[in-house]
Amino acid sequence: MDLATVLIISDDVEFSRAITGRWQSERITPTFTLMGGDLCQALDADAFDVAIVGGVRPAGLSAVLQALDPAKPVLLICDETQNIREIRESQPRIMALRQYEGWLDALVLIVSEALRRSEALKRLCRAEQESVLLQQQATLGNYMREMLHNLNNALTSVLGNSELLLLEPGLLTANSRSQIETIRNMALRMHEILQRFASLEKELKVVATQTEKESTAKTRSAGAR
């Protein structure tokens, strides 16, 4: 997955140092952004994937939690004086972890899982956006395919009438003849484009048929094995 960003909000330098130091032993280390509790009032929600809060002065803790994006995972590291149950009741979206022995290992596991979930949600969002775009393109393609016959008929009429007019040399002025020749040439160009659309449709059908045959063959081969 893409390199994730973990935001650490703390007024304790040792707290941040302990977390970043512990992560150095992991195979994948995220990017860390360090911030004091009094500086996070205007956070950019796109600047981090997971937030870790700990070692913040009690007077500023509530403001810090409220400033964080509710859509992003937030892990609060509590000391012995903080009541985890009260925190969870007042901030149900917050994950709370007590600083017991081995809490750094637990923190790495929890945050790593939150990052994997965040990446999966990002991929899902991108897939949904791509699906919507493909559906729009498919709708446009179907409409063009359905209108192809009508457009060909209209162009045939334009092209045929322009050719008939050009067969009467004495009927047209030089300026009118030049304009009708332009109409005929543009009609021919449009006809070539539509022919290319028709050819492309046939090519796509051939590719789809071939892909279906290959998929069926692979399925049968896998079943035989």
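Reading guide: rules and limits
Residues numbered from 1 in each chain as written. Predicted model: local features only at pLDDT ≥ 70, side-chain atom pairs only at ≥ 80, totals over all residues. Heavy atoms only, no water. Salt bridge = Lys/Arg side-chain N within 4 Å of Asp/Glu carboxyl O. Buried < 20%, exposed > 50% of the residue type's maximum accessible area, 1.4 Å probe, protein only. Pairing = 2+ DSSP bridges. Helix = DSSP H or I, 4+ residues; strand = E, 2+ residues; numbered from the N terminus. Axes fitted to C-alpha atoms, helices over the stretch in contact; angles between N-to-C directions. Contact = heavy atoms within 4.5 Å. Core = buried A, V, L, I, M, F, W, Y, C linked by side-chain atoms within 4.5 Å. Patch = residues over 30% accessible without salt bridge, like charges linked within 9 Å, V, L, I, M, F, W, Y side chains within 5 Å. Areas by Shrake-Rupley, 256 points an atom, 1.4 Å probe, with all protein chains shown as cover.

Asker: Help me get a handle on the pattern of salt bridges, residues and values and all.
Answerer: What the rule picks out here adds up to 11 salt bridges. Salt-bridge contacts for Arg-22 lead to Glu-26; the nearest nitrogen and oxygen are separated by 2.9 Å. In this structure, Glu-203 engages Arg-196 in a salt bridge whose closest nitrogen and oxygen atoms are separated by 3.2 Å. Given a relative accessible area of 38%, Glu-203 falls into the partly exposed group. Here the residues in one salt-bridge network are Arg-22, Glu-26 and Asp-105, joined through shared partners.

Asker: Tell me about the sheet that holds strand S4 (residues 74-78), residues and numbers included.
Answerer: The strand order across the open sheet built from five strands is S2-S1-S3-S4-S5, with neighbouring strands paired in parallel fashion. Two strands in the sheet have a free side with no partner beyond their single neighbour: strand S2 (31-35) and strand S5 (95-98). Within the sheet, the average angular offset between the axes of one strand and its neighbour, ignoring direction, is 20 degrees. Bridging between S4 and S5 involves four bridges; their strand directions are parallel. Across the sheet, residue Leu-75 finds its bridge partner in S5, namely Met-95. The strands that helix H4 (residues 103-166) touches are strand S1 (5-9), strand S3 (50-53), S4 and S5; relative to S5, the one it contacts most, it runs at about 165 degrees.

Asker: I'd like a rundown of the nonpolar core, residues and numbers included.
Answerer: Phe-15, Ile-19, Trp-23, Ile-52, Ile-77, Leu-107 and Val-111 are the most contacted members of the largest nonpolar core, which totals 18 residues. Elements with a contribution of two residues or more to this core: S1, helix H1 (13-23), S3, S4 and H4. If you tally residues by element for this core, the top one is H4, at seven residues. If we ignore the near neighbours within four places in the chain, the residues touching Trp-23 are Ile-28, Thr-29, Pro-30, Phe-32, Ile-52, Leu-107, Val-108, Val-111 and Ser-112. Counting 17 residues, the second-largest nonpolar core is a separate cluster that includes Ile-9, Ala-51, Val-53 and Ile-84.

Asker: Tell me about the environment of Gln-195, and name the residues and values.
Answerer: Within the secondary structure layout, Gln-195 lies in helix H5 (residues 174-224). Classification of Gln-195 as partly exposed rests on a relative accessible area of 37%. Sequence separation between Gln-195 and Leu-148 is 47 residues; the distance between their C-alpha atoms is 9.1 Å.

Asker: Describe a nonpolar patch on the surface, naming the residues involved and giving the relevant values.
Answerer: Side chains of Leu-140, Tyr-143, Met-144, Ile-193 and Phe-197 sit close together on the surface and give an oily, nonpolar patch of about 490 Å² of accessible area. Along the chain, Ile-193 turns up in helix H5. For Ile-193, a relative accessible area of 45% gives the class partly exposed.

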